[in-house]
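Spelled out from the first residue to the last, the chains are:
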Amino acid sequence: MDTARYIVDGRHRLNGEVWVHGAKNAALPILAASLLCDGCEIQNCPDLSDIHAAENILQHLGCKTLWETDTNGQKVLSVKPVGPFAWDIPDKLMREMRSSIVFLGAIIARCKKAKLSYPGGCELGPRPIDLHLSSLRKLGVEIKEDLGYLECSVPDKLHAAEITLPFPSVGATENIMIAAVLAEGETVIRNAAREPEISDLAGFLNACGAKIRILSDGTIAICGVEKLHGCCYRVIPDRIVAVTYLCCCAAAKGEILLRGVCPEHLSAVLPVLEEMGCSLTVDKDKIAVLCDKPLKAVSSISTMPYPGFPTDALAPVMAAACTAKGSTIFIENIFQDRFKHAWELCRMGADIKAEGRVAVVRGVERLHSARVRCTDLRGGAALVTAALGVEGKTVIEEIRHVLRGYEHLDQTLNELGACIRQE
Ligand code: UD1
């Protein structure tokens, strides 16, 4: 049972600098792909429970892993495939992290067969994997689904295919890329996802000797190679963690500097925060934010695949919008059920009407303290964001969701002047 919780004493102005850690969603597919290379060093790898779950899977599959800290104090995770190689992922490990499906392409490419349990629905609504499976079938994989398990085999060998995705799924694009790097011929993915994490996976695989080209129209061409060698690779900064700290500053007020970020990855979010009244100064790998004035609502925010407004940024921005003057309409176009945190924000006094994919947030003067529960990773981050602007103590339960994606969130916020304690 998850008994860990945060106690947040709000309304402390934030001030200081934050180093934004590496992106979980970039590191996870890279770790899956590391099964195919000859040993690699992943620099700026975030030290989080989802990454530990990926590490457990890698160890089960026949890899040795080792954490070290570099001279800048950043974490480095080394992976060395040593064998003997397993081709299954036990149900217990699959359940630790739903995105473990991204290991499927890697296991198939390495072992020519795979067995893993079907990832269930989750906090954000149903999470089908039909696009992953139909694409892998095109690459020559036979897949049987039996009692919640997927049994996959490659009767002949993996071969190239032309795949057009009906929706630019991030996970499906990653699985195809990983499976196709060692397939015979040139695989083309049309309408592929364009998220920065996709470019990072391509960067890692190319550093290992793969031949992947990402074209500006969203097409990815993967020319299969015989084998991959090892590499040292640095993961991109976590754009959603960066957004979360900016929203924390907007809610608590203050002036902070984010270091180690890639502002280009935030091009859909930064204008929204500016419109809300945050004053931003953007440099090459830094963003300074000053939030002193009352926040203003923006008329509407629609989530979209990259380069649109990221679905993962919706919840923290919504937390800031709760006390903005005016109404903000949020339209969620990626997941079916992404407003569970809204009901928890309402417990804190927010005025939110959510139905289906639309939520209308009417700004209130202030939120109040309450006992709330994290419903998912970004929803949990939204509760922390909101609590920082509240007078009095907010109790946030079930923070295991938050710990999946934020490294030392409490410690970092406390260093900025917040008052947050984990129990
Ligand atoms: C990844 C991110 C997640 C982010 C999401 C969208 C990781 C570990 N997670 O999730 O944080 O919110 O991208 O940017 O990187 N879909 C199907 N069939 C499929 C695959 C997806 O219908 O086979 C649907 C999903 O149900 C969802 C939508 O497509 O409604 C987007 O999913 P996808 O882009 O695949 O997201 P994930 O890779 O799961």
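Look above for the structure.
Since the model is a prediction, treat every value here as computed from it, not as a measurement.

A. Representation of the site of the ligand within the structure. Asp-130, Leu-131, Ser-169, Asp-312 and Ile-334 are the nearest of the 18 residues found near the ligand. Contact between the ligand and Val-170: an oxygen atom at 2.8 Å from a main-chain N or O atom of the residue. The greatest single-element share of the shell around the ligand, amounting to three residues, is contributed by helix H5 (residues 130-138). Residues lining the shell around the ligand come from more than one domain, with at least three contributed by each of domain 1 (5-16 + 238-422) and domain 2 (25-234).

B. Representation of the side chain of Asp-376 in the model. By secondary structure assignment, the location of Asp-376 is in the loop between strand E22 (371-373) and helix H12 (377-387). Although Asp-376 is buried, it makes no salt bridge; Arg-338 carries the closest opposite charge, 4.6 Å away. A polar contact of 3.3 Å, which involves the side chain of Asp-376, links it to the backbone nitrogen of Arg-378.

C. Quick look at the state of the cysteines. Summed over the entire model, instances satisfying the criterion amount to zero disulfides. Not part of a disulfide, Cys-374 finds its nearest cysteine sulfur in Cys-248, a span of 13 Å.

D. The arrangement of the sheet that holds strand E7 (residues 113-117) in detail. Ordered by their spatial adjacency, four strands build an open sheet running E6-E7-E9-E8, and the pairing between neighbours is mixed. Since the sheet does not close on itself, it has two edges, and those belong to strand E6 (88-89) and strand E8 (142-146), each with one partner. Pairing of E8 with strand E9 (residues 149-153) involves five bridges; the strand directions are antiparallel. Looking across to E9, one finds that Glu-145 is bridged to Leu-150.

E. Broad picture of unusual backbone geometry. Across the junction of Gly-83 and Pro-84, the peptide omega takes the value -5°, indicating a cis bond. Mapped onto the elements of the fold, Pro-84 is located in the loop between strand E5 (75-81) and E6. Following Tyr-306, the chain continues into Pro-307 via a peptide bond in cis, with omega recorded as 10°. Relative to the elements of secondary structure, Pro-307 occurs in the loop between strand E18 (300-302) and helix H10 (314-321). Its identity as a non-glycine residue notwithstanding, Arg-11 has a phi of 65°, on the positive side. A relative accessible area of 43% means that Arg-11 is categorised as partly exposed. The backbone of His-408 shows a phi angle near 50°, a positive value even though the residue is not glycine. One can find His-408 in the loop between helix H13 (400-403) and helix H14 (409-415).

Definitions and cut-offs
- Residues numbered from 1 in each chain as written.
- Predicted model: local features only at pLDDT ≥ 70, side-chain atom pairs only at ≥ 80, totals over all residues.
- Heavy atoms only, no water.
- Near = heavy atom within 4 Å.
- Polar contact = N/O pair within 3.5 Å; in protein donor to acceptor, adjacent residues only side chain to side chain.
- Helix = DSSP H or I, 4+ residues; strand = E, 2+ residues; numbered from the N terminus.
- Domains from an automatic or database assignment.
- Buried < 20%, exposed > 50% of the residue type's maximum accessible area, 1.4 Å probe, protein only.
- Lys, Arg positive; Asp, Glu negative; His and termini not counted.
- Salt bridge = Lys/Arg side-chain N within 4 Å of Asp/Glu carboxyl O.
- Disulfide = S-S within 2.5 Å.
- Pairing = 2+ DSSP bridges.

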